[in-house]
Amino acid sequence: MKRLFSNLLFKVFLAIVLGIFFGQFLPESINRIFTTFNDFFGQFLNFAIPLIIMGLIMPAISDLGKSAGKLLLLTVAIAYGSTLFSGFSTYFAAAGIFPQLLATHVNDLVQISNASPELTPYFSISIPPALDVMTSLFLAFVIGLGVSYQENSTLKLVVKDFQTIIMQLIENVIVPLLPLFILGIFASMSFSGKVFSILSVFISIIGVIFALHILLLLIQYTIAGFITKKNPFKLLLAMLPAYFTALGTQSSAATIPVTLEQTLKNGVSERIAGFVIPLCATIHLSGSIMKITACAMALMILRGMPFDFTLFAGFIFMLGIAMVAAPGVPGGAIMAAVGILQSMLGFNEEMIGLMIALYIAMDSFGTACNVTGDGAIALVVDKLTSSGERK
């Protein structure tokens, strides 16, 4: 029971249920308490996002650069290419599916737009961020790249210490408070009478994303099978223990031993598997970018916000880089993406809350997609490097 209540997915599910109940049955005065907390927490998130970006991206880039070599560059290029492929294929699939799919929920959309006035907080505290998102992002690139070329840099130690502080902030403050934040959002939506309309739309979105992530794995292993001249279905079946382990742990890092063992069973050399699998657990998040891209587009359609390929192309390229910095905790990838959602797509506090709820609801499947795809990358890297060595 203790393990169940410590699971973030269960906490989010409980928060959604309680939020719906509170919004329906508790008086406005009580629900405004949650709205007040959400207003403060939203301000705190706006303040923390630039710091999170710098604290995660600076050490990630510096660590990648310090051991630069052909194997590292090849693995990073393939992992980033796989992440981008997932993002762009998701965009085209969602652009073709979601407008028609959400049109079937036209009555739900009308109910959402005609909902009662929102709850207002009792008071509001403004916490301006020290840097804007784009400034912190590019500053993180500059410092991270600069530090990566320094052999004995004091700044590198500072960057590592700052990363520790940010990880503590995420793990001990932000992630534990996310369920309460989500509870407040659903209480507000329930109070205004639009929560059930939104939930019915959510179920359809989650179904489409699940189907897309299975299709993505089939594509990844078809390519890996073609390059290695092996049966892609046998390769994918061999990775199922890693897939189901990730479903339970919701952590790419925690699944590394199983992913490594199954990758070796697929015939990848120990040297390549031992290098690629731990690295890709950090930098390859094709499942995560799929969820974020699809959910972002769905919410923009629901809100009537305009979007086009140019907007999402820039968003996907930036998101692919931000995914490298995602911490290895449940919900870490969406926290790394919040700043880009705000700065590039114009998401407000409520949309960010809905994104977090949707993301965490599918977190296990996204993580499973990530780690299973790592095995495909290891197969490709092993084939390309072994071919080069023979030459």
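Above this text sits the structure in question.
An account of the accompanying structure is given in this report. (Residues numbered from 1 in each chain as written. Predicted model: local features only at pLDDT ≥ 70, side-chain atom pairs only at ≥ 80, totals over all residues. Heavy atoms only, no water.)

To continue, consider helix α13 (residues 286–303). Over its 18 residues, α13 extends 26 Å from the first C-alpha to the last, a length consistent with the 26 Å expected when each residue adds 1.5 Å. The buried fraction of α13 is high, at 16 of 18 residues. Among the residues trailing α13, Gly304 stands out with phi positive, at a value near 70°. (Helix = DSSP H or I, 4+ residues; strand = E, 2+ residues; numbered from the N terminus. Expected span 1.5 Å × (residues − 1). Buried < 20%, exposed > 50% of the residue type's maximum accessible area, 1.4 Å probe, protein only.)

The next subject is a nonpolar patch on the surface. There is a patch of nonpolar side chains on the surface, built from Ile30, Ile33, Phe40, Tyr122, Phe123 and Ile125 and spanning about 560 Å² of accessible area. Topologically, Tyr122 is positioned in the loop between α5 (106–113) and α6 (133–148). Judged by its relative accessible area of 42%, Tyr122 falls in the partly exposed class. (Patch = residues over 30% accessible without salt bridge, like charges linked within 9 Å, V, L, I, M, F, W, Y side chains within 5 Å. Areas by Shrake-Rupley, 256 points an atom, 1.4 Å probe, with all protein chains shown as cover. Salt bridge = Lys/Arg side-chain N within 4 Å of Asp/Glu carboxyl O.)

All right, on to the packing of aromatic side chains then. As enumerated under the stated definition, the model contains 16 aromatic pairs in all. A ring pair is formed by Phe41 and Phe44, whose centres lie 6.4 Å apart and whose planes are at 40°; its orientation type is tilted. Remark: Phe44 and Phe41 occur in helix α3 (residues 28–66); sequence separation between them is three residues, near one turn of the helix. Overall, Phe41 belongs to the buried group, its relative accessible area being 1%. Between the aromatic rings of Phe312 and Phe315, the centroid separation amounts to 5.7 Å while the plane-to-plane angle is 80°, which identifies the pairing as edge-to-face. Placement of the pair is Phe312 and Phe315 together in helix α14 (residues 309–324), with a separation of three residues, close to one helical turn. Given the relative accessible area of 0%, Phe312 is considered buried. Linked through ring pairs, Phe88, Tyr91, Phe92, Phe307, Phe309, Phe312, Phe315 and Phe317 together constitute an aromatic cluster. Cation over ring: Arg32 sits above Tyr122, and NZ or CZ is 4.2 Å from the ring centre. (Phe/Tyr/Trp six-rings, centres within 6.5 Å; stacked < 30°, edge-to-face > 60°. Lys NZ or Arg CZ within 6 Å of the ring centre and 35° of its normal.)

Phi is positive for Lys229, which is not a glycine, with a value near 60°. Considering the arrangement of structural elements, one finds Lys229 in the loop between α8 (195–228) and α9 (232–238). On the basis of relative accessibility, which here comes to 73%, the residue Lys229 falls in the exposed class.

A few words on the nonpolar core. Ranked by size, the top nonpolar core spans 116 residues in total, and within it Ile174, Ile292, Leu341 and Phe347 carry the most contacts. If we ignore the near neighbours within four places in the chain, the residues touching Ile292 are Phe315, Leu319, Met323, Ala333, Ile334, Ala337, Leu341, Met355 and Tyr359. (Core = buried A, V, L, I, M, F, W, Y, C linked by side-chain atoms within 4.5 Å. Contact = heavy atoms within 4.5 Å.)

Close approach of charged atoms allows side chains with opposite charge to pair. Overall, the coordinates contain one salt bridge when judged by the stated rule. Lys265 is the salt-bridge partner of Glu261, the closest N and O atoms lying 3.7 Å from each other. Taken together, the residues Glu261 and Lys265, both in helix α11 (residues 256–265) and four residues apart, mark about one turn of the helix. Glu261 sits in the partly exposed class, given a relative accessible area of 43%.

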